[in-house]
Amino acid sequence: MNSLSKNQLKNLIAFRQQKRCDEDGVFVVEGVKMCDEALQSSFKIITICGTTEYLQSHRSILPPSSDIYEVNGEQLERLSNQRTPNKVWMLVERVYPAPNTTANTLVLALDGLQDPGNMGTIMRTADWFGIRRIVCSHDTVSCYNPKVVQSSMGAIFRTNVEYCDLAEKLDSLSKEGFSIYGAMLDGESIYKAEKKSPSVLVIGNEGHGISEKISSKIERRLTIPNIGGTCESLNAAVATAILVSEFYR
């Protein structure tokens, strides 16, 4: 373990900016729970900055290939994007594992989703149900956004997230035998609709729903009945959880 020099600290602080992370193909992980998840994953951890307490308690599992620095509370505050930094900060290499369509009976497709909290929660929901593949349009929020990483609660390390031309991807999945479903306000009740397997469930933008280009690829529209009749719509992440649960009922 080494102490962090002023120049090293300055260089690492630059990774608070998403642009720098994108350029270097890395992402930031913070906090004991998330960093413990990173240590248990197959992801390459480039840099670990931790308190004496954290580093000593994890000494036996710290990867020898990582640059490891012992830092104090003030240094963690300067590194962190969080209001209350928590013992450890890591810089992790992004990996893009090859998707395995045969391992998924349900694939999630995100069309223009923008809110980092929704993205992270959807990844966490997918992880809960064992969904290992999410395909996204290029204008969907990055899964490596710090808020997405934190709200995924570790799902970032277990879920393949692919950014692509979503229309082309849906065509390809359809040819592979996947049924294409879409979450829409004018759809058939999820509680009555037949759910085939394997299938793709498309979730649209929080404000505008599924785009016109992607709507043309939908084979079956699904909705969650608005029994209360007062709200205009459900939060995208909440709706995803309800829909996915029904697919596995």
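Calculation notes
- Residues numbered from 1 in each chain as written.
- Predicted model: local features only at pLDDT ≥ 70, side-chain atom pairs only at ≥ 80, totals over all residues.
- Heavy atoms only, no water.
- Helix = DSSP H or I, 4+ residues; strand = E, 2+ residues; numbered from the N terminus.
- Buried < 20%, exposed > 50% of the residue type's maximum accessible area, 1.4 Å probe, protein only.
- Core = buried A, V, L, I, M, F, W, Y, C linked by side-chain atoms within 4.5 Å.
- Contact = heavy atoms within 4.5 Å.
- Expected span 1.5 Å × (residues − 1).
- Polar contact = N/O pair within 3.5 Å; in protein donor to acceptor, adjacent residues only side chain to side chain.
- pLDDT = per-residue confidence, 0-100.

Following Ser 197, the chain continues to Pro 198 via a peptide bond in cis, the omega torsion being 0°. In this structure, Pro 198 sits in the loop between β9 (179–189) and β10 (199–203). One non-glycine residue with positive phi stands out, namely Lys 87, at about 70°. Mapped onto the fold, Lys 87 is located in the loop between α5 (73–79) and β5 (88–93). By relative accessible area, which is 32% here, Lys 87 ends up partly exposed.

This part covers the nonpolar core. Side chains of a nonpolar character, in soluble globular proteins, are inclined to be buried together. The biggest cluster of nonpolar side chains holds 49 residues, and the ones touching the most others in it are Met 90 and Met 119. Broken down by element, the residue count for this core peaks at 6 residues, all from helix α10 (residues 236–247). Apart from residues no more than four positions distant in its own chain, Met 90 is found in contact with Phe 27, Val 28, Val 29, Cys 35, Ala 38, Leu 39, Ile 45, Thr 47, Ile 48 and Tyr 54. Core analysis: the second largest hydrophobic core is formed by 16 residues, Val 135, Phe 178, Val 200 and Ile 214 among them.

Turning next to helix α6 (residues 116–128). In a regular helix each residue adds 1.5 Å, so 13 residues correspond to 18 Å; α6 covers 18 Å between its end C-alpha atoms and thus fits that length. For α6, the set of buried residues is Pro 116, Asn 118, Met 119, Gly 120, Ile 122, Met 123, Thr 125, Ala 126 and Asp 127. Against β6 (106–110), β7 (133–137), α7 (146–151), β8 (160–164) and α10 lie the buried residues of α6. Where α6 begins, the side chain of Asp 115 points an oxygen toward the backbone nitrogen of Gly 117, at a separation of 3.0 Å.

Turning next to the confidence of the model for the protein chain. Chain-level pLDDT for the protein chain is 93 on average; 96% of the residues reach the 70-or-more range. Element-level mean pLDDT values for the protein chain span from 85 in strand β1 (residues 2–3) up to 98 in β10.

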